[in-house]
Amino acid sequence: MDIIILNNIYHVIDAISYGLYAFLVGGLLLGFHRKIIARIQGRPGPPIIQYLIHTFKYYLKEISIPITAGNPLYIFMALMGIMVWLTALYLGVVFKTSLLILIGLYVLQKIVEHGCGLSSGSPYGKLGGVRSVFSAAAEVPLFAAVGIIYILTQSLIIKDIISYQLLNGPIIFKLPFAAFAFFILLISKAPNSPFGIVKDKSIVSGYITEHFGILESLILISDAIAWFVLLWLFIAVFIGPIVILNPLLTLIGMVILTFIISIICALTPLLTPNHSVMLQILITALVIIDLLHKSATI
Amino acid sequence: MTPEKKSGIISLIIGIIGFACIIFYSNNVLLIYLGTALFTPFMIYGIGMMVNPKTKRSEEGRIPFRGW
Amino acid sequence: MDIVSYMFGKSIFVGMIVGILSLYAISRQKSDLHTLLLTDLVECAMLVIIAAVGTDLAEALILPGLVVGLAEVLAVSEILIYRNEVRKNNLMSDNKKLRLFEEFLAKEEPYVNTDVNFNKMEVIYSAPKFIGFILVLYGAFLTGFTGGAVMASGLLFYLLSQGAIGNGVSFNDIKHSWEAISGFSGIMWAFWILLGFAGFFLFPEHYLFFLVITGCALALKVGSKLGLIGSLRI
Amino acid sequence: MSLNIDSIAGVFYGYIPFGDIVFYFTEFSLIGFIIALFFTLVVYLTKPEKQLEFQIGDFGDKLNYVSLEELKIRRLMAIVCGICTAFAMLTGDLFDYALFLAVIGIANMGIVSAVKKEGVLSAAFYYGIIAMISTLPLFGASALILAKTGTLSILELAKNSHDLLFQKIIYAVGMVGETGIAPFYAAKAEMFRAPGAPYILMIHLSSLLIIVRTVEIMLNVH
């Protein structure tokens, strides 16, 4: 009996340390992202650990629940962000289960954005939430990409996808459209991205306008974990075991990906909501045509 | 007690109960990991509310939202 | 080739054509009401396609499909009516702006219409009688203890619904009916035990006759006994 | 049983034989089921927000008042929507799934039907029209699959290949219309402007979970 409990405690510590690792790496990468954008724009920029410093600073700030908020949804949404991404981290990175579950969890991130915006009752948050619903078009290519991957590998379990790549080489050369769709998703998740209509500065801070103090800190934590998980997923699904089986190489791959995305984010302007949605629908159409072509030939 | 403090205490209680459940009554590794994912945020929020400084505002409690 | 397989392709074709034609009509339509009616036509086309399969399973699928379609028509038409009402009100009253946090300052409660006269509905009067009658009849047909329970549920339902409508009787009437039903139940008990049950053992050769008496008397006894609860008008 | 469900939705835990309608559990469907139920609970517990709107071309904000009568209908509808979503995650019957989708559509309309804003009601009306039209491809495709294979059970359909590409495309089109995503959601996104956060959120959650689940079904049935 005692051994089981000790084992359980060991597993819990294991899980928490995984989460902490993901948070630290994701936070550093996001700080790096900010630094590169600053350098490209000719500014010195904040130090790389700025993201982590922000998180700890907000963690020690008091909050006050707005009079218009709908509780407990208002607080629960911030917690849900971390829940979603920790679950994605464990199911994807640790247990390597189905890709479909991870896509489902990514979709829940939309619920978090929408819920944060709506539950506060603030018009700015509301606009951020409604824009988040609009940009749900970014997920549709993802589903098509999942279909394409399934047709190629006959499996959606990440473990199987990795072992497929061990035999046949990286998927990115075989399915460029699916990889492109996934890459667009990464870009739209990055801060200051051309698709970042949700956190547009013209609507104050978008959906996190009302989530300040410790709640903002929670959202920052979840964003850092999300960045780690999404980068890992891209590398695991499209580039494969050469990079993913060695933690150090994985880290280097993440840094390179972040670097590419930062350059894209720094050099492109923010699109207006309708242009952003139109572009995403265009990519969707492209990927769906690819899916139909692939499934018709098989 | 302000509603903020109250929410912190409630989430701390939920977190502690949840962690006790997964440590004492679970024998599946996947379940332990998912339980950790579910209850860690409650713990983080609860502890954060406990270490929050005392407010310096004269009227403690609810205010209209920040964008106003 | 049987008739179902012969007609399958043609039925599907007809369904699709009806669907596409009504979509075209919807696109040309300006009035919301007409749009709604034409949408119902699309649902009919959906039923045609399901019916084209022509098996038992397809038959079982048509009904839920129809019900869901009707429910959607009802919901959408309800929204249409409500929208038109709101639009009319908006046109009549000039858009007055609410003050900030007026809700926390205002004292009066919003008006909720509670005095709806539900008793005017015909179904409230006719349905309980019919359901009660069917249940009593079915209970008599079943006989025995189960039959008694079914019968009693019919009686109970009828009496309770009468009470709910407010169609109640005076206290004296209740007393009389209570006495009458319990007396009847006692007689039926005697029938069951003495005539049926004892006779069953005394004259085994006429078992069928006594069995029928027992069954019927038991049904009536249980039915009337449990039906007594209904006359309490809880 | 050698199923490719294992390689799509994670570990296959088993099924409940409820007559024709078989509910089956996989890792994916269990997580979806629990999320939907959990969210329904949160929505039930949450007090509604009090929404402020800014005025265009004017100063000052407008506070949206939500009456009690309006709230009760919406809460009921949100709970119906959540329960339907939860069981749509588990069901193993194509027609049953289509029915759940239609009921979710009705519940979505019900959530916004009591709102006293003309724009929201118009959006709900157009969404309802699209949802009704898309019952044709949705139910029609399941009927076509029934005609071609003789079964509607996803577990049966997953066992061997039936060449159902065309039917699957029609089914997916029906789902897209019913949940009101990408090309159709111009109508639906307007609905989100209605006041009353937790209930409106249920619309979004149900449609997103349904999309993921549909992808799973489309991959399973082949």
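Residues numbered from 1 in each chain as written. Chains lettered and ligands numbered in written order. Predicted model: local features only at pLDDT ≥ 70, side-chain atom pairs only at ≥ 80, totals over all residues. Heavy atoms only, no water.

Caption draft 1: Summary view of the overall build of chain C. Per the secondary structure count, chain C includes 8 helices and 0 strands. Mapped from its N terminus to its C terminus, chain C presents α and β elements in the order α-α-α-α-α-α-α-α. Out of the 234 residues in chain C, the part that is buried amounts to 29%. Counting only contacts in chain C whose residues sit at least 6 apart along the sequence, the fraction spanning at least 24 positions is 64%. Here chain C displays about 15,500 Å² of accessible surface, and carbon together with sulfur accounts for 71% of that area. (Helix = DSSP H or I, 4+ residues; strand = E, 2+ residues; numbered from the N terminus. Buried < 20%, exposed > 50% of the residue type's maximum accessible area, 1.4 Å probe, protein only. Contact = heavy atoms within 4.5 Å. Areas by Shrake-Rupley, 256 points an atom, 1.4 Å probe, with all protein chains shown as cover.)

Caption draft 2: Geometry of the environment of Lys-57 of chain A. Secondary-structure assignment places Lys-57 of chain A in helix α2 (residues 50–59). Taking the C-alpha atoms as reference points, Lys-57 of chain A and Phe-234 of chain A, 177 residues apart in sequence, are found 31 Å from one another.

Caption draft 3: Quick peek at the interface of chain D and chain A. Listed as interface residues are 43 residues of chain D and, on the opposing side, 47 residues of chain A. For the pair chain D and chain A, the summed buried area comes to about 3,900 Å², and 77% of that belongs to carbon and sulfur atoms. Counting every contact that joins chain D to chain A gives 0 salt bridges. Seen at the junction of chain D and chain A, the total is 1 residue pair in polar contact (both at pLDDT 80 or more). Those elements giving two or more residues to the side of chain D that touches chain A turn out to be α1 (6–9), α2 (27–45), β3 (52–54), α8 (165–179), α9 (185–191) and α10 (197–220) of chain D. Tallying contributions element by element places α10 of chain D first for the side of chain D that touches chain A, with 12 residues. Counted by class, the side of chain D that touches chain A contains 30 nonpolar, 6 polar and 7 charged residues. (Buried area = accessible area lost by both parts, 1.4 Å probe. Salt bridge = Lys/Arg side-chain N within 4 Å of Asp/Glu carboxyl O. Polar contact = N/O pair within 3.5 Å; in protein donor to acceptor, adjacent residues only side chain to side chain. Nonpolar A, V, L, I, M, F, W, Y, C, P; charged D, E, K, R; others polar.)

Caption draft 4: Spotlight on the UniProt feature "transmembrane region" (unreviewed entry) in chain C. Residue and element names in this part refer to chain C. In the UniProt entry, the feature "transmembrane region" (unreviewed entry) is given for residues 6–26, 33–54, 60–82, 130–160, 180–203 and 208–229. Secondary structure content for residues 33–54 is 95% helix and 0% strand, while the C-alpha to C-alpha distance between its ends is 33 Å. Within residues 130–160, the helical portion is 97% and the strand portion 0%, while the C-alpha atoms at the span's ends are 14 Å from each other. (UniProt positions renumbered as here; feature names shortened; annotations may be inferred.)

Caption draft 5: Examining the UniProt feature "transmembrane region" (unreviewed entry) in chain A more closely. Residues and elements named next belong to chain A. The UniProt record marks residues 15–33, 73–95, 133–152, 164–187, 224–244 and 251–271 with the feature "transmembrane region" (unreviewed entry), using the residue numbering of this structure. A distance of 30 Å separates the end C-alpha atoms of residues 73–95, which is 96% helix and 0% strand. Across residues 164–187 one finds 71% helix and 0% strand; the C-alpha atoms that close the span lie 26 Å apart.

Caption draft 6: Just the confidence of the model for chain C, in detail. Summary statistics for chain C give a mean pLDDT of 77 and a share of 81% for residues scoring 70 or more. The ipTM for the predicted assembly is 0.71, set against a pTM of 0.73. (pLDDT = per-residue confidence, 0-100.)

Caption draft 7: Focus on helix α8 (residues 176–189) of chain A. Between the first and last C-alpha of α8 of chain A there are 20 Å, a value that for 14 residues agrees with the 20 Å anticipated at 1.5 Å per step. At its buried positions, α8 of chain A is contacted by α3 (73–94), α4 (99–120), α6 (140–153), α9 (214–239), α11 (247–267) and α12 (273–297) of chain A. (Expected span 1.5 Å × (residues − 1).)

Caption draft 8: Structural context of the packing of helix α6 (residues 135–149) of chain D against α8 of chain D. Residue and element names in this part refer to chain D. The geometry of α6 relative to α8 is characterised by a closest axis approach of 7 Å and an angle of 155° between their N-to-C directions. Taken as axis vectors, α6 and α8 run roughly antiparallel relative to one another. Considering the relative orientation of α6 and α8, their crossing is left-handed. Contact residues: α6 offers Thr-135, Pro-137, Leu-138, Ala-141, Ser-142, Leu-144, Ile-145 and Lys-148, while α8 offers Gln-167, Ile-170, Tyr-171, Gly-174, Met-175 and Glu-178. (Axes fitted to C-alpha atoms, helices over the stretch in contact; angles between N-to-C directions. Parallel < 35°, antiparallel > 145°, perpendicular 65-115°, else oblique. Left-handed = near helix turned anticlockwise from the far one by under 90°.)

Caption draft 9: Focus on the side chain of Thr-91 of chain D. Within the element layout of this structure, Thr-91 of chain D appears in the loop between α3 (68–90) and α4 (94–113). A polar atom in the side chain of Thr-91 of chain D sits 3.5 Å from the backbone nitrogen of Asp-93 of chain D.

Caption draft 10: Region of interest: helix α1 (residues 3–24) of chain B. When the terminal C-alpha atoms of α1 of chain B are compared, their 31 Å separation across 22 residues agrees well with the 32 Å that a helix rising 1.5 Å per residue should span. Among all positions of α1 of chain B, only Glu-4, Ser-7, Gly-8, Ser-11, Leu-12, Gly-15, Gly-18, Phe-19, Ile-22 and Ile-23 of chain B are buried. For α1 of chain B, the angular spread of buried residues about the axis comes to 135°, placing them on one side. Lining the buried residues of α1 of chain B we find α1 (2–40) and α3 of chain A together with α2 (29–51) of chain B. (Arc of directions from axis to C-beta.)

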